Amino acid sequence: MTQDRTPKDTTAKTSTAARRAVTMSPAEVAENRSRISRVVRDWNTAAVADRDAEIAAASQATADNSTAAAEMQAPPQDPANVTNSQRTNAEATTELTTEAIATNTPPAGSQPAAAFAPSDRLVAIIAPAMELTPTPPSSPSPPQSGRLQVTVLNTGQTVSGMETQTASALVTPNNPAATATAGQQAPAPMVTNQTDEILARLAAANQRVAANSPRGAQGRSPLSDYTLGPMPPVQDEEPSTPLMHLHPDQVTDWVSTTTGRVLVRPFDTAATNPANHAAIAAEIMTAITDITGSNSVAVSIPLMIDNPLPRTRHPNTFLAYNLTPEQERILLDRGIWSSELTTFQVLPLNPPRPSFLFTLSGFTTLDADHATDLVRQVWQDDASAEFFTGLVEAAPEANRAATVDRIRAFIASMTTNLLDIRITGQIRTPHFNVYANGEVLANDNEWAAIRSYLRMRLYESTMHGRATASADFHCSLCHSVDHPRGLCPFPDLQGWRGGARNPPSDSNKTNRNKGKGRASYPFNQLGKRPPRRDRDDRNPGAGGSGAVGAN
């Protein structure tokens, strides 16, 4: 460690030294001057050496920084190809600094110390203190706050080694936390992006909310709560069946609604009781909100016509309105919406004509292809041709060719479907539904006239017996007229959430039918239409009553 060469304070002895200087002989003054000159020369030499050491350290740090930057940018070199001309600036600077110190000469570019000549007064003041050992100036003081402090991190070997060497330098203001000892890598500062942090917190919050929501952590779509399609069609007796028994004023208001609107007919029998309508309307409104995301949907409750006939059922069709065209399309595309909350059918305000025509009973075959052939033979016989010719002639002459095309398309679209109706003892009484595309016809009147005529025809075969049209069924679950509730296809759908095929009946009805073994659909070989009261399927399959499906 360099000793402190700063002269000690001699202020207290100044007056005594001045008195001695007056009585000193010339020889003593010359000797004191010589001694002071030697002390000052030694002092200057030490100061220059300390200054040169500081300059050399700074030069070395600068050279190491340049070497580190060059090594990170330049490709690795073969140590054998490194020549003396490729020595680093750090080595050259070190040699120059060492030579300057050895010869006591300042490095190139530095200013030499000015010659010091002590004055007579300084000699007089310092001479009495010559017995004290002079010390050179102290080492350079640490840099003050605000100056740059250079800390070199040597994490590899010299450039001549070239073995995965690295050198890094941290040039920061006087900051103790930024310094590092030799051979250690300073930790990289952590940079935090406030935007990323906010987005990350928001995403985590959304995950927590989704995990605690009724939908579950997977964020499932509300549509997943409803049974997927495709859905079987619901066949009505008439095109306007959903609007039957509604008050005319209400129908007028519904038609006059300018916003998107759809008819909604709930499944099962609860909607036939007006006391349930308010609760059902709330369920429909909630379901449509979940399905479409609409917050403005409204539901109109059906009103009964004035002075209805006895035993007239209360209308069970509601109107959902204040919908956008897209929301209306979503509801109509699936048609049937079934969840744990509610199940309903969605129809346009002007429903299409049904494809169902009637049900034939009396054939002694289970083959639907045979039934289709028998029905087509009747539709194309002479009696049917005469009927269709009358329809064509009744049309305006300009429309007769189009009428013929429509009738031919209607006949060509005809299909049949087997209903495996069984009576007591699981005895099969096959029924066949007859369908045709009613939309190809001109209007409802044309459709109704053709259906009425074909329904009254006798369908017979020497091989399969004779069949006639029987009374329409009425499924109390989906309200379709082409099957009883015991054969409703909806409960067979995967993921069905609606009503059951055979719901529990009230105690009076159960006790009334219990043990009687009476069949709702008695087999009639002659194809006679059974009485309407015997076709009541509101409680099929309970106590031997009602139609049941094949096992």
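Up top you'll find the structure we're talking about.
Everything in this summary refers to the structure shown in the same document. Being a predicted model, the structure only gives us computed values, none of them experimental. (Residues numbered from 1 in each chain as written. Predicted model: local features only at pLDDT ≥ 70, side-chain atom pairs only at ≥ 80, totals over all residues. Heavy atoms only, no water.)

## Observations regarding the packing of aromatic side chains
- Under the defined criterion, the tally for this structure stands at 10 aromatic pairs.
- When the ring of F363 is compared with that of F432, the centres are 6.1 Å apart and the planes differ by 65°; the resulting orientation is edge-to-face. With F363 in the loop between β8 (356-361) and α9 (368-379) and F432 in strand β12 (residues 431-435), the pair connects residues that are 69 residues apart, well separated along the chain. Of the two residues examined, F363 and F432, each falls in the buried class.
- Ring centres of F387 and Y453 lie 4.1 Å apart, and the angle between their planes is 10°; on these two criteria the pair is classed as stacked. In this pair, F387 sits in helix α10 (residues 382-394) while Y453 sits in helix α12 (residues 444-456), placing the two residues 66 residues apart along the sequence. (Phe/Tyr/Trp six-rings, centres within 6.5 Å; stacked < 30°, edge-to-face > 60°. Helix = DSSP H or I, 4+ residues; strand = E, 2+ residues; numbered from the N terminus. Buried < 20%, exposed > 50% of the residue type's maximum accessible area, 1.4 Å probe, protein only.)

## Structural notes on the sheet that holds strand β5 (residues 318-323)
- Read across the open sheet, the 5 strands follow the order β4-β5-β3-β7-β6; overall the sheet is antiparallel. Sheet topology places β4 (298-300) and β6 (336-338) at the edges, where each strand pairs with a single neighbour. Across this sheet, the average inter-strand angle for adjacent strands is 30°, counted without regard to direction.
- Bridge analysis of strand β3 (residues 260-266) against β5 gives 4 bridges, and the strand direction is antiparallel. Bridging from a neighbouring strand, V264 pairs with F318 of β5.
- The strands that helix α6 (residues 248-256) touches are β3, β4 and β5; relative to β3, the one it contacts most, it runs at about 135°. (Pairing = 2+ DSSP bridges. Axes fitted to C-alpha atoms, helices over the stretch in contact; angles between N-to-C directions. Contact = heavy atoms within 4.5 Å.)

## Concerning the state of the cysteines
- Overall, the coordinates contain 0 disulfides when judged by the stated rule.
- Here C488 is not disulfide-linked; the sulfur of C475 is the nearest cysteine sulfur, at 3.8 Å. (Disulfide = S-S within 2.5 Å.)

## Comments concerning α9
- Its 12 residues give α9 an end-to-end C-alpha distance of 16 Å, which sits within 8% of 16 Å, the value for a rise of 1.5 Å per residue.
- Regarding α9, the residues found buried are A371, T372, L374, V375, V378 and W379. The arc that holds every buried residue of α9, seen down its axis, measures 165°, which confines them to one face. The exposed set on the far side of α9, more than 90 degrees from its buried face, consists of D369 and Q377.
- Where α9 begins, the capping side chain belongs to D367, and its oxygen is found 2.9 Å from the backbone nitrogen of D369. (Expected span 1.5 Å × (residues − 1). Arc of directions from axis to C-beta. Polar contact = N/O pair within 3.5 Å; in protein donor to acceptor, adjacent residues only side chain to side chain.)

## With respect to the sheet that holds strand β14 (residues 465-470)
- Spatially, the 5 strands line up as an open sheet ordered β9-β12-β8-β14-β13, and their pairing is antiparallel. The strands lining the two open edges of the sheet, one partner per strand, are β9 (415-419) and β13 (459-461). Adjacent strand axes in the sheet meet at a mean angle of 25°, parallel and antiparallel pairs treated alike.
- With 5 bridges connecting them, β9 and β12 associate as antiparallel partners. Residue pairing for β12: N417 is matched across the bridge by N433.
- Each of β8, β9, β12 and β13 is contacted by α9, which is oriented at about 115° to β13, the strand it contacts most.
- Sheet contacts for α12: β8, β13 and β14; angle to β8, the most-contacted strand, approximately 5°.

## Re the nonpolar core
- In terms of nonpolar packing, the biggest core is built from 25 residues, with F358, L360, W379 and Y459 touching the most fellow members.
- Only β8, α9, α10, α11 (400-412), β12, α12 and β14 provide two or more residues apiece to this core.
- The biggest single contributor to this core is α9, with 5 residues.
- Counting 19 residues, the second largest nonpolar core, distinct from the first, contains V297, L323, L331 and F344. (Core = buried A, V, L, I, M, F, W, Y, C linked by side-chain atoms within 4.5 Å.)

## Concerning the pairing of β8
- The buried fraction of β8 is high, at 6 of 6 residues.
- Taken together, the 5 bridges between β8 and β12 define a ladder with antiparallel strand orientation. When the bridges of β12 are listed, S361 appears paired with H431.
- Judged from the 3 bridges that link them, β8 and β14 form a sheet pairing that is antiparallel. Each bridged residue has a counterpart across the sheet, and for L360 the counterpart in β14 is A469.

## Comments concerning the pattern of salt bridges
- Under the counting rule described, the total for this entry stands at 14 salt bridges.
- Taking the shortest distance from any N to any O, the salt bridge between E238 and R451 comes out at 3.1 Å. Separated by 213 residues along the polypeptide, E238 in the loop between α5 (194-212) and α6 and R451 in helix α12 bring together distant segments of the chain.
- Here R451 falls in the buried class, since its relative accessible area comes to 12%.
- Among the ionic pairs, E439 bridges to R353, the shortest N-O distance being 4.0 Å. One end of the pair, E439, is in the loop between β12 and α12; the other, R353, is in the loop between β7 (343-347) and β8, with 86 residues separating them in the sequence.
- You can call E439 partly exposed: its relative accessible area is 42%.
- The network of salt bridges with shared partners includes E326, R329 and D333. (Salt bridge = Lys/Arg side-chain N within 4 Å of Asp/Glu carboxyl O.)

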